[in-house]
Amino acid sequence: MEVVLKNLTKIFPSRNRKNGDEVVAVNDMNITIPDGKLVGLLGPSGCGKSTTLYMISGLQKVTGGQIFFGDDDVTHLTPENRGVGLVFQNYALYPHLTVKQNIMFPLENLKGADRLSKEEMLKRTVEAARLVQIDDLLARKPSELSGGQQQRVAIARALVKMPKVLLLDEPLSNLDARLRLQTREEIRRIQRETGITTVFVTHDQEEAMSISDEIVIMKLGIVQQIGRPQEVYDNPANLFVAKFLGTPPINVFAGRVEKGMIYIGSEAFLEAPVPDQEVYVGLRPEGFTLDENGPFSCKLKGIEVMGRDVSVVGAHPDLVSNSLRIIIPSDMGVSEGCERVRFSVRRNKCFIFRKDNEERIPLE
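Predicted, not measured: the structure shown is a model, and the values here were computed from it.

Closest axis-to-axis distance for the helix 2 (residues 99–108)/helix 3 (residues 118–131) pair is 9 Å, and the angle between their directions is 130°. On the basis of their axis angle, the class for helix 2 and helix 3 is oblique. Both helix 2 and helix 3 take part in a crossing whose hand is right-handed. Along its contact with helix 2, which presents Lys100, Ile103, Met104, Leu107 and Glu108, the element helix 3 presents Met121, Leu122, Arg124, Thr125, Ala128 and Ala129.

Printed below as a string of structure tokens:
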């Protein structure tokens with residue numbers, strides 16, 4: 001089921017009715033979520049991603065714009081008539097019901113022509129439990145399950161209605177790191193097996209990039225960029241997107257373009273066929289090669305050994321991001337006794353951005 005959001009807007013009234021400003025949570029959003037794909041809504045807290053999800057589900061009324069499921073305008077349909085399955089951040093399981101009863105609960109509330117027999121409800125419940133690999137836990141109650149198992153129950157409950165669209169609101173945030181990795185792989189497997197159009201909300205860029213077919217980067221209710229995860233990482237539209245994606249984050253410097261060369265401080269290190277101007281320079285941590293004759297240098301503050309790689313922690317007077325980190329293979333051999341280290345820079349890992357609006361300036 002293709003989902004189209006057309007000029008979607010959500011405005012919350014101010015708490016101070018006399019002189020407070022309204023809060024624009026989602027501002028004129030236009031995106032298309034392809035049929036059968038998993039799309040991640042990604043951004044910091046307060047960017048409007050969960051509000052968008054709740055408008056798709058019908059739990060939040062839209063202020064403006066339209067929502068289409070295929071050719072059907074569902075903007076003003078009630079949640080139960082939209083054919084969506086929703087998984088909340090806190091799972092929202094009924095503690096007094098068993099796993100089987102929790103999964104079956106949505107089916108027991110179907111009415112009219114959609115009403116199912118007990119046999120059909122049980123069959124669907126078992127199939128949903130088997131899909132998320134908890135069919136041996138049907139007799140347990142939520143208190144007897146781990147966090148990951150509870151999450152699977154919540155997903156099964158959302159899937160048992162055979163929804164047109166599956167909506168996941170930060171479903172992994174309550175799990176520990178190892179379980180989060182395992183569960184996100186399970187979500188991807190389930191989505192591929194069912195082929196259900198899925199919208200996944202998260203603030204964790206690693207989660208979104210690892211399982212999404214496309215990601216939508218949001219900031220203050222406005223879409224910043226849409227695309228395949230690797231494409232967005234390799235070609236950020238602006239400085240915000242470049243800084244938001246990547247671990248460790250991109251290194252950002254105050255720089256300039258002068259006579260066709262990019263400068264950071266007094267060092268010119270890459271050609272840039274653009275007019276002379278002040279810019280922000282973004283260098284991905286993995287875009288450096290240790291080179292004693294390289295054009296970029298920094299003061300060495302420390303070395304962090306990570307096994308396969310080494311993280312070089314440096315300092316630079318023109319750095320405007322929080323820290324300077326450079327990732328190089330562990331066999332390159334940086335000595336902690338050095339005061340300064342020099343590097344060459346890979347062109348495809350360097351980006352420049354306008355000082356006024358922070359939009360990226362193409363280097364090609």
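What follows deals with helix 4 (residues 147–159). Here helix 4 contains 13 residues, and its C-alpha end-to-end distance of 19 Å stays within 8% of the 18 Å for a straight helix at 1.5 Å per residue. Taken together, the buried positions of helix 4 are occupied by Gly148, Gln151, Arg152, Val153, Ala154, Ile155, Ala156, Arg157, Ala158 and Leu159. The elements touched by buried residues of helix 4 are strand 6 (84–87), helix 2, helix 3, strand 7 (165–169) and helix 5 (177–194).

Tallied over the entire structure, the rule returns 7 aromatic pairs. When the ring of tyrosine 94 is compared with that of phenylalanine 105, the centres are 4.8 Å apart and the planes differ by 50°; the resulting orientation is tilted. Linking tyrosine 94 in the loop between strand 6 and helix 2 with phenylalanine 105 in helix 2, this pair joins segments that are 11 residues apart in sequence. The exposure class of phenylalanine 105 is partly exposed, given its relative accessible area of 29%. When the ring of phenylalanine 351 is compared with that of phenylalanine 353, the centres are 6.5 Å apart and the planes differ by 50°; the resulting orientation is tilted.

A separate point is the sheet that holds strand 13 (residues 267–271). One open sheet accounts for 6 strands, arranged 13-12-11-14-20-21; its pairing is antiparallel. Since the sheet does not close on itself, it has two edges, and those belong to strand 13 and strand 21 (360–361), each with one partner. Pairing between strand 11 (residues 251–258) and strand 12 (residues 261–264): 3 bridges, direction antiparallel. Bridging from a neighbouring strand, arginine 256 pairs with tyrosine 263 of strand 12.

The subject of this paragraph is the layout of surface pockets. There is about 830 Å³ of room inside the largest pocket. In this structure, the largest pocket is lined by 26 residues; those nearest its centre are Pro79, Glu80, Val84, Pro106 and Lys161. Tallying contributions element by element places strand 6 first for the lining of the largest pocket, with 3 residues. Within the lining of the largest pocket, the residues separate by chemical class into 14 nonpolar, 5 polar and 7 charged. Space inside the second largest pocket adds up to approximately 180 Å³. Taken together, Leu239, Lys243, Pro249, Ile250, Val252, Tyr280, Val320, Ser321, Asn322 and Ser323 make up the lining of the second largest pocket. By residue class, the composition of the lining of the second largest pocket is 6 nonpolar, 3 polar and 1 charged.

What counts and what doesn't
- Residues numbered from 1 in each chain as written.
- Predicted model: local features only at pLDDT ≥ 70, side-chain atom pairs only at ≥ 80, totals over all residues.
- Heavy atoms only, no water.
- Axes fitted to C-alpha atoms, helices over the stretch in contact; angles between N-to-C directions.
- Helix = DSSP H or I, 4+ residues; strand = E, 2+ residues; numbered from the N terminus.
- Parallel < 35°, antiparallel > 145°, perpendicular 65-115°, else oblique.
- Left-handed = near helix turned anticlockwise from the far one by under 90°.
- Contact = heavy atoms within 4.5 Å.
- Expected span 1.5 Å × (residues − 1).
- Buried < 20%, exposed > 50% of the residue type's maximum accessible area, 1.4 Å probe, protein only.
- Phe/Tyr/Trp six-rings, centres within 6.5 Å; stacked < 30°, edge-to-face > 60°.
- Pairing = 2+ DSSP bridges.
- 1 Å grid on protein atoms, 1.4 Å probe; cavity = no way out; pocket = protein on both sides within 12 Å on 5 of 7 lines; lining within 4 Å.
- Points joined across faces, edges and corners; volume = space filled by probe spheres on them.
- Nonpolar A, V, L, I, M, F, W, Y, C, P; charged D, E, K, R; others polar.

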